[in-house]
Amino acid sequence: MKSKAIDIWVGLFVVVGAAALLFLALKAGNLASFSTQATYRVNARFDNIGGLKPRAPVKSAGVVVGRVVGIHFDDKTYNAVADIDLETQYKFPKDSSAKILTSGLLGEQYLGLEAGGDQTMLANNDRITNTQSAVVLENLISQFLFNKAADGNSKDKP
Amino acid sequence: MNEPAATPVTDGPLVDIADLHFSYGARPILSGVTMQFRRGKVIAVMGGSGSGKTTILRLIGGQLRPDSGTVRVAGQEIAAMNEKALYVVRRRMGMLFQFGALFTDMSVFENVAFPLREHTDLSDELVRDLVLMKLNAVGLRGAHELMPGEISGGMARRVALARAIALDPQLILYDEPFAGLDPISLGVTANLIRALTDALGATSVLVTHDVAESLAIADYVYFIASGKVAAEGTPDELSRSTDPFVRQFVDGAPDGPVPFHYPAQSFAADLGLREGSR
Amino acid sequence: MNAIAAIGAWSIATVRGVGDATRFFLAVLGQIPRALLRFGLVRDQVHFVGNYSVVIIGVSGLFVGFVLGLQGYYTLQRYGSEQALGLLVALSLVRELGPVVTALLFAGRAGTSLTAEIGLMKAGEQLSAMEMMAVNPIGRVIAPRFIAGVIAMPILAALFSAVGIIGGYIVGVQLIGVDEGAFWAQMQGGVDVWSDVGNGVIKSIVFGIAVTFVALRTGFEASPTPEGVSRATTRTVVTASLTVLALDFILTALMFSGS
């Protein structure tokens, strides 16, 4: 029957299309980097989260070890709280520090994790206590100007 | 098959057209047409080109809505029906379009099977038997595997006829069934129309300007001119009529009440000669 | 005075045209559930509209990929960023060229054939015959073709982008000598599945709806003569192409301005 042949061709068409889409998602896109590894959740508080976005990578020594899952505001302590999924295969000491860094000069922001020296490791639902907030350009500039003004004052004084 | 919501009237004329008016934009086509088509009869509606004959068919089928007047089929007014009711009525009608209007992407068999497959739940074997029976009635059972592009115009029209009667309709409408046919096909088609009407007990309405064939098979004839019924009667009455319009039509005379010349200014003025100059 | 009257008449005609087109669109949408039940019809149309376009889409995608590879390399080389070639090719294709060029080619190939088919069916009174047989021609003829177009377009666009990336790879890595690892790594680092590939898919679905609808409507409205049908096919290409480009601007502004 003619319709059997057409069925096969159309099925092939859809399969090829799905394959193309899969290729785009995996080979071209970053779906592969969504690891299927098991993860454990930790959180970290920051005074200023800067431009950190959900799904931003968490890197230690330049290697991606996890992902930022969510960012929300805590209105009791008035900080930003970032929820992070770390891959179970990587263990970090409890006193590790988290810094918000920028890739390149004007690139995307990511979370840099530096291992500390504690014997006990971070477990599920723990908090990273050592954090360094993002560098905000305006604060830098005002600090610079303030320092400049202070220098100028001390120079003027006889 | 589903019956329409209101029970149709089973006596009286099958189609009752009363004082029908229809205009295409600003052009009036029909200005007060009254006709009645009785059951089981073959009725011919004749007139010159552009006289509104095909429009009457479309008004009966509900494809057009009249400006005023009524069209009743089996007692139900077509113009008042919603789409669903209209589709129910149309299942009891068959229409033969001027050049067949077969679906060109389907074979002859599939064309005739189309109404059966769309409106009934019959099994494939039953559908096949019915299709071959209908094709046999029009003499084309052997052609059932051909495509519409492979058959002649006359054959295509016969296939379309088989398709129009697939559901055994009560009312069959024919739009210029004789146009452009050779003498043999003419005879075949005329005979088929008469035979099918009698066999099905249906009512056939032919819209045509072929005088000889229609007078031979029709039970009643209507002449349409200038948007009105100019004359009506049995073929005998009309062939003996002294009405100048009927005479011009029946005799095929080039000039008479229907003028030969399209309205224009005088010939002399068109040629640039002054009126009365030599 | 005549000019003003003409403008008025034209405006009224345009608004009426838009109204008619909208009613037609709603009628088609209304018939979609019934058409989906007769999936055989849809499947046949996907074959005509999709499968028959694969060759032109594939070959075009390949060549566009080649050109992107070449042009991209020569431009990036000036700023010492040849390593980002993979990223350039992939983003250009996935975000813009894939959906848009596929839609334009689709309008030219499948759109015109749909318009001509519907126009000729109307001229041959086939649609009228169907109506008189109590079968809704919009549900039986138009809706399956519409669904097929909307299904086929995203598939064809994905194919175009994928083949284009391969084309860019062939030219960039094999012929010119850009580092293979950098090609793919930079691409994977920069192309986000949801906001780039995903938005590209959304675009191609929207374009599929637009192009298929324009093709079907133009065919349905064609005057039933040979010149009418031929004018209609030209109108399909022009209208569909302009619509796609306008929609592309709107969608790009909505989707990509935030990031």
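Refer to the structure printed above.
All of these numbers come straight from a predicted model, not from anything done at the bench.

We now examine the arrangement of the chains. In this assembly, 2 pairs of chains are in contact, and the pair with the greatest number of contacts comprises chains A and C. One thing to see here is that chain A and chain B don't touch, and their nearest C-alpha atoms sit 12 Å from each other.

This part covers the sheet that holds strand β6 (residues 93-96) of chain B. By definition, the strands of a sheet pair up through backbone hydrogen bonds, in either a parallel or an antiparallel sense. Residues and elements named next belong to chain B. An order of β6-β7-β8-β3-β9-β10 is seen for the 6 strands of this open sheet, with the pairing classed as mixed. Each of the sheet's edge strands pairs with one partner strand only, and the pair in question is β6 and β10 (228-233). Taking each pair of neighbouring strands and ignoring which way they run, the sheet shows an average axis angle of 15 degrees. For strand β7 (residues 171-175) and strand β8 (residues 203-208), the ladder comprises 5 bridges, and the chain directions are parallel. From the neighbouring strand, L173 faces β8, where its bridge partner is V205.

Glancing now at the sheet that holds strand β6 (residues 109-114) of chain A. Residue and element names in this part refer to chain A. Here 8 strands make up an open sheet; going across it, the order is β7-β1-β4-β3-β2-β6-β5-β8 and the pairing mixed. If you trace the sheet from one side to the other, it starts and ends with β7 (126-128) and β8 (130-132), each paired once. Mean inter-strand twist for the sheet, computed between neighbouring axes without regard to direction, equals 35 degrees.

Residues and elements named next belong to chain B. Here E232 is to be found in strand β10. Along the sequence, E232 and Y220 sit 12 residues apart, while their C-alpha atoms lie 7.5 Å from each other. Here E232 is in contact with V221, Y222 and F223, once residues within four sequence places are set aside.

Rules used throughout
Residues numbered from 1 in each chain as written. Chains lettered and ligands numbered in written order. Predicted model: local features only at pLDDT ≥ 70, side-chain atom pairs only at ≥ 80, totals over all residues. Contact = placed C-beta atoms within 7 Å. Pairing = 2+ DSSP bridges. Helix = DSSP H or I, 4+ residues; strand = E, 2+ residues; numbered from the N terminus. Axes fitted to C-alpha atoms, helices over the stretch in contact; angles between N-to-C directions.

From the geometry alone we can't say anything about function, so treat these as descriptive.
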